[in-house]
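Understanding the architecture of this molecule
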Amino acid sequence: MRHQAVNPYLPAGEYVPDAEPYVFGDRVYIYGSHDRFGAPMFCVNDYVCWSAPVDDLSDWRYEGVIYRRNQDPRNRLGLRLLFAPDVAVGADGRYYLYYAFDFMGMMGVAVADTPVGPFEFHGHVHHPDGTLWGRRAGDSFPFDPGVLVDDDGSVYLYSGFHTPVPAIATGCRRLGFDGGYVLGLESDMMTIRTPERLLFPKSGPGSFPGHEFFEASSIRKWDGKYYFVYSSRLNHELCYAVSDRPTEGFRYGGTLVSIGDVGLTGHPDETHAANYTGNTHGGMLRIGDAFYTFYHRQTNRSSYARQACAEQLDASFDPTAGEWRFAQSEVTSCGLNGGPLRGYGRYEARIACNLWSRTGAGRYDGDRPAKRLAAHPYFTQDGHDGKAGVGPVPACQYIANMRDGAVAGFKYFSPVVGEASDTGTVPRDGGLQVACVTVRAHRGFARADGRFMISTDPDGVHCIAEIPLHPTNNDWRVFRSVVMSPSIERSEAAGDMGQPDRGTMDGVMTMSASDVVDTADASDTSDTVDAATAAAPNASDSKHRAVPLYFRYVGTGSIDFLDFTLSAGD
């Protein structure tokens, strides 16, 4: 890889939720909604596209704006918003982009000759007599399209939404909100060929108890089987179902990912979530026999600033059933990296995958989350949403408002480091040492006095470092560790390391946001890491050495957390 891959995998300041990943040629392309930081609603920006080489999912390239909301003749003023899209290649080899205008209840289609457009308006999904789908009594509510062009050329459109929308928003038509639907399209990619049918009931017979359909239809076909991905009524998770046929017989497969790790050991329900929850949406990607789930996380104590993340799945093929099975993935900081991150170099706090307050985490959807969760930490950025013709304007993103007992968790790092030799770089065992962190006092607080207790477990039992913190203003300051821990193995054997003398702090220096380097670059530059040790360890060799880090703030006041630096141990 050119860089290490982290979550979120796009640059700080870019907010692309609902991402659908596809391989076209030798690149992976993602198509999603486009949130605007600080906006009061979902999906305020126009559609953009990002792509990466199939053999390097760290190297994402901005492809530009591919479709603007005012290109649709029914939205010339641009007042309606472009919600989660999907893309399919038609029989003519062209690329068809499907989208729904917020809660308007109609489905648009745009078309282009290349995966990155420019896309031009093609039409709206409609009945054979020309009536728009969603404008006839008895239609289901067109929402969150998932499109599949089957091997025989048949085109299937999946759609649906759990919660009824007021009729005034949908042209005063009474539409169906009973779950997930499927219908067939003609080869023109917009005329309904076969009537819709309810495929995933949101309740009752045929539903998936405990994981009933809510929204976010996504469809793939691999090895003769159909894999449907959706967001369940729990809203914080993506689930999947499998069938031998595209229009019936789907069997529940399980949860792919929960943005709060709900359902994994130690997280039986949302009251024990490892992160702040809300809606998530995404699709699956296959490269060879490697499978990935793409999803989004919530930031800024709102539902309207969501960022794209991804995880590699633990996949196994069942030869008896002839289908792939997937275990639930935990959320990590190293999702597309192919293994843990290097145990040295500078990392941004924004790549934390776990975050909670002294009293736990919470949900961002619902009434007034910023007020309700006023004492909780959250991901945010300085300044307004920045967009330019060449792409997102770099943002200073960080964890804000860490108060006493707040924890930020990062998964995973490898204490295996490279050692230069005449024959190249060879791995060797080493420690995992936290050299320093960059923090400031949170706005509204004149100062904060406390420390980071850094451990390799969420309860703080195996402490490897302590860093005294005493920021006094809104300037970023670097605080150095008073204890450079021995290796992970030795620190865990010794248990808690005790309270070092705070009077021996190595030093403090001041830095500005302009000094911050993007994570992907920071751990690859020669002034941060010796060039001879820049190669990442082999993921399979270091998998068993993956180590999480948890930063717990203990003290008074409130701090913002920008980044930390790891150094290789002896």
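Report follows, based on the coordinates. None of these values were measured; they are calculated from a predicted model. (Residues numbered from 1 in each chain as written. Predicted model: local features only at pLDDT ≥ 70, side-chain atom pairs only at ≥ 80, totals over all residues. Heavy atoms only, no water.)

1. Details of the sheet that holds strand β10 (residues 155-160)
Strand order in the open sheet formed by 4 strands is β9-β10-β11-β12, and the pairing between neighbours is antiparallel. Edge positions in the sheet fall to β9 (146-149) and β12 (192-201), since each of these pairs with one other strand and no more. In this sheet, adjacent strand axes meet at a mean angle of 20° when their direction is disregarded. (Pairing = 2+ DSSP bridges. Helix = DSSP H or I, 4+ residues; strand = E, 2+ residues; numbered from the N terminus. Axes fitted to C-alpha atoms, helices over the stretch in contact; angles between N-to-C directions.)

2. Topic: the nonpolar core
With 45 residues, the main nonpolar core has F410, V437, F452, F551 and F561 as its most contacted residues. With 5 residues, strand β38 (residues 559-568) is the single largest residue contributor to this core. If sequence neighbours within four positions are ignored, F452 has contacts with M402, V437, V439, A465, E466, I467, L469, F551, R552, Y553, I559 and F561. (Core = buried A, V, L, I, M, F, W, Y, C linked by side-chain atoms within 4.5 Å. Buried < 20%, exposed > 50% of the residue type's maximum accessible area, 1.4 Å probe, protein only. Contact = heavy atoms within 4.5 Å.)

3. A word on the environment of L341
Checked against the element boundaries, L341 lands in strand β22 (residues 341-342). A sequence separation of 73 residues divides L341 from S414, and the C-alpha atoms of the two residues are 6.0 Å apart. Here L341 is in contact with Q4, A5, V6, S333, C334, Y347, I351, Y412, F413 and S414, once residues within four sequence places are set aside.

4. Things to note about the pattern of salt bridges
For the coordinates displayed, the defined rule picks out 32 salt bridges. Residue R306 is joined to D35 by a salt bridge in which the shortest nitrogen-to-oxygen separation is 2.7 Å. Of this pair, R306 sits in strand β19 (residues 306-312) while D35 sits in the loop between β2 (27-31) and β3 (47-53), placing them 271 residues apart in sequence. A relative accessible area of 3% places R306 in the buried class. In this structure, K221 and D150 form a salt bridge, with 2.8 Å as the shortest nitrogen-oxygen distance. Taken together, the residues K221 in strand β13 (residues 213-222) and D150 in the loop between β9 and β10 connect sequence positions 71 residues apart. (Salt bridge = Lys/Arg side-chain N within 4 Å of Asp/Glu carboxyl O.)

5. Quick word on the pairing of strand β6 (residues 95-100)
With 6 of 6 residues buried, β6 lies mostly within the body of the structure. Where strand β5 (residues 86-89) and β6 come together, 4 bridges link them in antiparallel fashion. When the sheet's bridge partners are listed, V89 is paired in β6 with Y95. Of the strand pairs in this sheet, β6 and strand β7 (residues 107-112) are connected by 6 bridges, and their pairing is antiparallel. Note that in β7 the partner of Y98 across the bridge is V109. The hairpin turn running from β6 into β7, its antiparallel successor, is 6 residues long, and D102 in that turn takes a positive phi close to 30°.

6. What about empty space enclosed by the protein?
Within this structure, the stated rule accounts for 2 cavities of 30 Å³ or more. Taken as a whole, the largest cavity spans an internal volume of roughly 90 Å³. For the largest cavity, the full set of lining residues is N7, P8, I259, N275, Y295, R297, C309, V331, T332, I351, A352 and C353. Looking at the lining of the largest cavity, its residues break down into 8 nonpolar, 3 polar and 1 charged. Lining the second largest cavity are N275, Y276, Q298, L355, Y364 and F379. (1 Å grid on protein atoms, 1.4 Å probe; cavity = no way out; pocket = protein on both sides within 12 Å on 5 of 7 lines; lining within 4 Å. Points joined across faces, edges and corners; volume = space filled by probe spheres on them. Nonpolar A, V, L, I, M, F, W, Y, C, P; charged D, E, K, R; others polar.)

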